[in-house]
Amino acid sequence: MRIIGREREKDCLMQCLLSKKPELVAVYGRRRVGKTYLIKEFFNNHFSFYTTGIADEKTQGQLKTFHSSLIKYGYHDKKIPSDWFEAFEMLRKMLDSDGLYREPINNKRVIFLDELPWMDTAKSDFKSAFEYFWNSYASSKDDILIIVCGSATSWILNNLIYDRKGFHNRITKRIHLAPFSLAECEELFEYNNMVMTRSQMIESYMIFGGVPYYLNLLDSRLSLIQNVEELCFKEYGDLHFEYHSLFHSLFNKPEKHMAILESLARNSYGLTRTQLSGVKEIGGGSVLTKDLRELEECGFIRRFNKLTKKSEESFYQLIDPFVLFSIMFLNNKKLKSWKEQINTPGYYSWRGKSFEIVCLNHITQIKLALGISGIESDEYSWHGSNKEDGAQIDLLIVRKDGVINLCEMKFTNEAYSLDSDEYEKLLNRMSRFRKETDTDYAIHITLICSSGYKRNKYSDIIQNVITGDELFKM
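Note that the structure is a prediction, hence the values are computed from the model and not measured.

1. Observations concerning the overall build of the protein
Of the regular secondary structure elements, the protein holds 19 helices and 13 strands. Over its C-alpha atoms the protein spans a radius of gyration of 25 Å, differing by no more than 12% from the 23 Å that the globule rule assigns to 474 residues. Principal-axis analysis of the C-alpha atoms gives the protein an extent of 80 × 50 × 45 Å. A separation of at least 24 residues holds for 68% of the contacts in the protein among residues at least 6 apart in sequence.

2. Thoughts on the packing of helix α11 (residues 224-233) against helix α16 (residues 321-330)
How two helices pack is summed up by the angle between their axes together with the distance between the axes. Where α11 contacts α16, the two axes come as close as 13 Å, and the packing angle between them is 75 degrees. When the interaxial angle is binned, α11 and α16 end up roughly perpendicular. For the pair formed by α11 and α16, the contact residues are V228, C232 and F233 on the first element and F325, F329 and L330 on the second. The residue makeup of the contact of α11 with α16, split by class, is six nonpolar, no polar and no charged.

3. With respect to the environment of S48
Along the chain, S48 falls in the loop between α2 (35-42) and β2 (49-52). Put simply, S48 and E408 are 360 residues apart on the chain and 52 Å apart in space, counted from C-alpha to C-alpha. Filtering out sequence-adjacent residues up to four positions away, S48 remains in contact with Y73, M94, L95, L100, Y101, R102, K108, R109 and V110. Within the structure, S48 has its side chain in polar contact with the backbone oxygen of Y101 (distance 2.5 Å).

4. Description of α11
In terms of burial, α11 is largely enclosed, as seven of its ten residues are buried. Within α11, burial applies to L224, N227, V228, E229, L231, C232 and F233.

5. Section: the pairing of strand β1 (residues 23-28)
Most of β1 sits out of view: six of its six residues are buried. Side chains E23, V25 and V27 project from β1 onto one buried face, and the interleaved L24, A26 and Y28 project onto a second face that is buried too. Of the pairings in the sheet, the one linking β1 to strand β4 (residues 144-149) comprises five bridges and is parallel in character. Across the sheet, residue V25 finds its bridge partner in β4, namely I147. As judged from the four bridges shared by β1 and strand β5 (residues 173-176), these two strands associate in the parallel manner. Bridge assignment links V27 to a residue of β5, and that residue is I175.

6. Considering the sheet that holds strand β8 (residues 315-318)
One open sheet accounts for three strands, arranged β6-β8-β7; its pairing is antiparallel. If you trace the sheet from one side to the other, it starts and ends with β6 (271-272) and β7 (301-304), each paired once. Note: β7 against β8, four bridges, orientation antiparallel. Residue pairing for β8: I301 is matched across the bridge by L318.

7. Some words on the packing of aromatic side chains
One pass over the structure, following the stated rule, counts 41 aromatic pairs. Between F88 and F126, the ring centres sit 5.9 Å apart and the planes meet at 50 degrees, which makes this aromatic pair tilted. Taken together, the residues span a long stretch of sequence, with F88 in helix α4 (residues 84-95) and F126 in helix α6 (residues 126-136) at a distance of 38 residues. When its relative accessible area of 0% is taken as the criterion, F126 is described as buried. On the basis of an interplanar angle of 80 degrees and a centroid distance of 5.9 Å, the ring pair of F329 and W350 is categorised as edge-to-face. Placement of the pair is F329 in helix α16 and W350 in helix α17 (residues 345-360), with a sequence separation of 21 residues.

8. Points about the sheet that holds strand β10 (residues 392-399)
The five strands lie next to each other as β9-β10-β11-β12-β13, forming an open sheet whose pairing is mixed. Single-partner strands in this sheet number two, and they are β9 (377-383) and β13 (464-467). Mean inter-strand twist for the sheet, computed between neighbouring axes without regard to direction, equals 25 degrees. Bridge count for β9 against β10 is six bridges, and the pairing is antiparallel. Pairing of S377 across the sheet is with R399, part of β10. Sheet strands touched by α17: β10, β11 (403-410) and β12 (442-449). Its angle to β11, the strand with the most contacts, is close to 140 degrees. Against the sheet, helix α19 (residues 420-437) touches β9, β10, β11 and β12, its axis set at about 145 degrees to β11.

9. Here we look at the pattern of salt bridges
One pass over the structure, following the stated rule, counts 28 salt bridges. The salt bridge involving E242 is made with R31; its shortest N-O contact spans 3.1 Å. On the criterion of sequence distance, the pair formed by E242 in helix α12 (residues 242-250) and R31 in the loop between β1 and α2 is long-range, its members being 211 residues apart. Like E242, the residue R31 is buried in the burial classification. A salt bridge links D96 to R92; the nearest nitrogen and oxygen atoms lie 3.3 Å apart. R92 gets classed as partly exposed once you look at its relative accessible area, which sits at 26%. Ionic contacts of the salt-bridge type, sharing partners, join the residues E89, R92, D96, R102, R109 and D143 into one network.

Calculation rules
- Residues numbered from 1 in each chain as written.
- Predicted model: local features only at pLDDT ≥ 70, side-chain atom pairs only at ≥ 80, totals over all residues.
- Heavy atoms only, no water.
- Helix = DSSP H or I, 4+ residues; strand = E, 2+ residues; numbered from the N terminus.
- Rg over C-alpha atoms; globule rule 2.2 N^0.38 Å.
- Contact = heavy atoms within 4.5 Å.
- Axes fitted to C-alpha atoms, helices over the stretch in contact; angles between N-to-C directions.
- Parallel < 35°, antiparallel > 145°, perpendicular 65-115°, else oblique.
- Nonpolar A, V, L, I, M, F, W, Y, C, P; charged D, E, K, R; others polar.
- Polar contact = N/O pair within 3.5 Å; in protein donor to acceptor, adjacent residues only side chain to side chain.
- Buried < 20%, exposed > 50% of the residue type's maximum accessible area, 1.4 Å probe, protein only.
- Pairing = 2+ DSSP bridges.
- Phe/Tyr/Trp six-rings, centres within 6.5 Å; stacked < 30°, edge-to-face > 60°.
- Salt bridge = Lys/Arg side-chain N within 4 Å of Asp/Glu carboxyl O.

Quick look at the structure:
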């Protein structure tokens, strides 16, 4: 099998292999994004030790699995460990034994602990034992590389990365594995013999969000519409219940996380922490702070400041396409068919919001198309103080070279062209924006069009046009 994309992550793993010091690497990210696949394929399934936790298994079952893995890698004591301290002591003895497999690149002993959070069962001593193993043994061995990952991202974040006790500052590298970009999606489609236009690939991203597992489920014999129907809307479909399974696998108590996302889905511009805390199902306090951080770390939401008043609270915005799609369509039990949604007002409303998310997830490609990759910038959204006239800009790229790209994003079936109404709206937004922000930056109106752009008599106000093809650049 081949690893598609993941160049930064592969480079990070290689640097850990070449390192002359002990490495403890935490790999995290949303479910189905390919964490286990990446590690196994990068190391060609050759480890000094590999084991995985078992979902919903009690402590004794986890210890039996761990012991079975020790036996597989050359440990000879048939006695099952009575607790995790004994289990890690067995691992230490095995790692010090002769004949252990070592990576040929730098003679490293590579230990891969998959689904680590599942090993930490209720009232077990797992975390204390793992801390002791690292602090008393592994952290002093220059030839040790330990990689940990798991679907329960909140456990990885709270118990390893942000831990203030035994693991504080012990993680030497962290790899947040994000969904594929459009370019990586295209490469995967070609590998799987999926025949699609680029416009259809963008729409597939608007539904499945570049999650490799979801994309691998697509049947090359079916159209995109047929695949969505089979996977998402049929009760036997692999993704029919995925929305709920996703968050129950990531977080111990996901109800508040889901309430946050559902509130943000109803407010595409975004909401502040104060606004979110006013929602009954969400509440406030330290729990909300933790939940927002976890959702941001997983890539479900983004945090940004208001352009005009940076001292105010940050805004939070939903940026995960599959979550938006699920909330708008799959959570609605009345909707039985995707085919029946096509060309309805709800479909067009979703399509507009989702394409904006695609663009937010491809800022690097947008800057490349604008020729400003080397120029520092910040991204914002903006809406006017008068809510009645609906003046709103969903993406502003504020550049250090004194230019603001005011971006309009249009997903259409054919090449987009401005009409008189849109022309007037753009003029109004630009005027209102300049007046309310009192900016002295040059404002460039930038159209991002999924299916190309057709010039006409209204095109004189457009400085930049970015086509869907340009979103596929690496």
